[in-house]
Each structure stands twice: as C-alpha cells, then as structure tokens.
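Chain residues, written in single-letter form:
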Amino acid sequence: MRRSRAMVLATCLGCLLLLLLVYSQSSLSSAEEEFLGSHWNGKQRRTPLQALYDSNQLELSSVQAKHQERRELLASTCKTYTRKRRVLTSDDLKHLLVDDTHGLLYCYVPKVACTNWKRVMMILTGQSKYKDPAQIPANEAHISTNLRSLSEFTTSEINYRLRNYLKFIFVREPFERLVSAYRNKFTRTYNTAFHKRYGTKIVERHRRNPSLEALERGDDVTFEEFVYYLVDPMTQKEEPFNEHWERVHSLCHPCIVHYDVVGKYETLEEDAQYVLQLIGVGDSIKFPSSKSPRTTGGMAAEFFKGVNRFYQRRLFNLYKMDFLLFNYSIPNYLQIR
C-alpha cells in the first residue's frame, strides 16, 4: 500500500515537473521571439535571419544566388587562410551596430556608404525625428550615442545576438577605398584635425627637408607619402590604423563573425535594397543616394602612378586579405606581377 502511494506521488511529481519544464520553454520561446522583434505592429512576422535562410523557393533568384556565392567564397577563403580562431574582444565589436527592433547587426566600414547606413539604422531603431534617412545630417549620423555598439552588451547578450540576428557588412575594392580615404582626409581643407593628427607626423617622417610650415600644418601630404606611412612597420607598432584606412578584415573580423549578407559598394543600390527587403521595410524606407562623386578605379590608377613598384607590392601585401576575402582582383594598374 505504501509502495503504491509512493508510486502515485512520484508520478504526480513527475507530471508537475514536466509541466513546469514545458511552461518555462514556451515562455522562453515567446520572450525570444519578442526580443527578436518578431511581432511588428501586433502581427507576427519572420525575422530578417529567417527571411534569408527559410526560403521556400526551389530555385534561388539571381540576387539570392549572388549573395549565397559571396557567403560561400568568404567561408572558403577563411578556411584556407585562417589557421587558428581567436576569441572576440570588446574592441573587436565596436564597429558592429545593433538594431534590437528588427534583429540586425551591421558592421560599418568607413568610406563604404557607412554614413547612409547609419542614417538608415537610426530610422530603424527610432533614433531620429526624421522619416527619410536622407534628411538626417551627416554629422548627426556619426554621433556615437545615437546607435548602440555590440561591445556595450554583456557576454551572454553578445552571443545571443550573434546567433540570432542578421549580420551584414558592405565592402569595397580595397585600393579605391584607400584612395577615397586619402582624398577625403588629406586633400580637403576642412579636415584640419586629420592634418594635425596624422599629416604632421607623416611629413616629419617621410619627407626630406620639410618646411617649418609643412611640419606645423600637415595639410599637404602627398599620396606617395601616405603610402610610405602605411607600409612603415613603426606605424602599427605605435598605434592601430585609423578606421578610415584600416583593413576590413581587421575592423569586422569576417572569419570569426559569420556575415549573412556581404554587400558591395560596386552594387550598392541593389544590395542595399536586398537588405531592406529582408528586414521587411523595402517599400517604406529608401536607401539614400550618394551626393559626392565616387572614387573610381581610373582615379585610383592616377594616384598610384607616382608610387614606386616596391611600395606598391608592400601595400598590396598589407591589404591582400581584403582582396582575397571579398573576391577583388589585383588592379591592372599595379606593377607587382
């Protein structure tokens, strides 16, 4: 009799524990869905990550196929050239911007339409009084407190977002981006902060017999001197590269963070629209068009004419991983073959 009662009691306790387990799992699932932003205006919807990978189509569209090919190439290149994986640090995550409303992580790369993407992210996260991203002033888009970085979260919160959010990045032909950074930071009269911070140092180290005015102002750095500065081993021993000419693989760590969408500056409009469609805002938000003239391959070729082939080769080796990871060919104007 006692044994029978004990068995009944054990069965009841087992059922109770099972019910508690089911309840806790279902509660966690609901919390995660809400956290991911799967309820928008009271209606359940797919997250961008689900929209990308849970396609019911038997055949991929040309855009889907292109982005799948980019993901596969990136993964393959990382496997070939990355021997040992390391743990991400807080500094590694500073360029990853977070949108908890839609479940997005965007790694911004300066000189690759990052101002416009920050404008879009401000609209998506509700951090702007404007409805059109193009109306947001550029200086407002770069205020760090307007958008949260992944580095601001706890380890568990970081891991959750890396697993469940759509991660995207936009890249550009490395030397076109480099020339664009040089033109913007060293040939514009208004960038006095860069002239003082970097220009004076470059002139002092890499110009023979500089004038006192050049040493003080640092506003007439040539592209050749800029290249000398980049390939000088002492430069990175003293401090990391500035983000405007830092390599993409060092800013966004694509062999550790597995990006779901790799957009390219060369196909910016199409790729931006693809991301906005995955988010579900393609009909309501328009990606801003660029107002300034783009640095092209032809422009880059002109700047490299004055650079000795020895330094061309050293510079290419410095940026080689960006060429490989994102499938960019060696520019035909380089004399390194």
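Bear in mind the structure is a predicted one, so any value in this text is a computation, not a measurement.

The rules behind each value
- Residues numbered from 1 in each chain as written.
- Predicted model: local features only at pLDDT ≥ 70, side-chain atom pairs only at ≥ 80, totals over all residues.
- Heavy atoms only, no water.
- Phe/Tyr/Trp six-rings, centres within 6.5 Å; stacked < 30°, edge-to-face > 60°.
- Helix = DSSP H or I, 4+ residues; strand = E, 2+ residues; numbered from the N terminus.
- Buried < 20%, exposed > 50% of the residue type's maximum accessible area, 1.4 Å probe, protein only.
- Lys NZ or Arg CZ within 6 Å of the ring centre and 35° of its normal.
- Core = buried A, V, L, I, M, F, W, Y, C linked by side-chain atoms within 4.5 Å.
- Contact = heavy atoms within 4.5 Å.
- Axes fitted to C-alpha atoms, helices over the stretch in contact; angles between N-to-C directions.
- Parallel < 35°, antiparallel > 145°, perpendicular 65-115°, else oblique.
- Nonpolar A, V, L, I, M, F, W, Y, C, P; charged D, E, K, R; others polar.
- Disulfide = S-S within 2.5 Å.

Peer 1: Describe the packing of aromatic side chains, with residues and values.
Peer 2: Per the counting criterion, the structure on display carries 26 aromatic pairs. Where tyrosine 106 meets phenylalanine 168, the ring centres are 4.9 Å apart and the plane angle is 20°; that geometry is what we call stacked. Taken together, the positions of tyrosine 106 in strand E4 (residues 104-107) and phenylalanine 168 in strand E6 (residues 166-171) put the pair 62 residues apart, joining distant regions of the chain. Taken as a pair, tyrosine 106 and phenylalanine 168 share a single burial class, namely buried. The residue whose ring lies beneath arginine 148 is phenylalanine 153, and the NZ or CZ to ring-centre distance is 4.1 Å. Looking at arginine 294, its charged tip hangs above the ring of tyrosine 265, at a distance of 4.7 Å from the centre.

Peer 1: I'd like to hear about the nonpolar core, residue by residue, with values.
Peer 2: Trp117, Phe175, Phe226, Leu230, Trp245, Leu315 and Tyr319 are the most contacted members of the largest nonpolar core, which has 90 residues in total. Setting aside residues up to four positions removed in sequence, tryptophan 245 forms contacts with Arg177, Leu178, Lys185, Phe186, Phe194, Tyr198, Phe226, Tyr229, Leu230 and Tyr319.

Peer 1: Before we move on, could you go through the packing of helix H3 (residues 62-81) against helix H13 (residues 268-279) and cite the residues and values that matter?
Peer 2: In contact at an axis separation of 11 Å, H3 and H13 are set at 95° when each is read in the N-to-C sense. As summarised for this structure, H3 and H13 are arranged roughly perpendicular, according to the angle between their axes. Residues Val63, Gln64, Lys66, His67 and Arg70 of H3 touch H13, and the partners they reach there are Glu270, Asp271 and Tyr274. For the contact of H3 with H13, the residue count by class is two nonpolar, two polar and four charged.

Peer 1: Summarise the state of the cysteines; cite the residues concerned and give the values.
Peer 2: Inspection of every chain in the model, using the stated rule, returns two disulfides. Each sulfur in the disulfide pair cysteine 78 and cysteine 255 lies 2.0 Å from the other. Residues cysteine 78 and cysteine 255 share a disulfide whose torsion about the S-S bond is about -85°; that sign makes it left-handed. Within this pair, whereas cysteine 78 is found in helix H3, its partner cysteine 255 is found in the loop between helix H12 (248-252) and strand E7 (261-264), the two being separated by 177 residues in sequence. Residue cysteine 78 shares its accessibility class with cysteine 255, and that shared class is buried. Disulfide pairing places cysteine 107 opposite cysteine 252 at an S-S distance of 2.0 Å. Taking the sign of the torsion about the S-S bond as the criterion, the disulfide between cysteine 107 and cysteine 252, at about -90°, is left-handed. One end of the pair, cysteine 107, is in strand E4; the other, cysteine 252, is in helix H12, with 145 residues separating them in the sequence.

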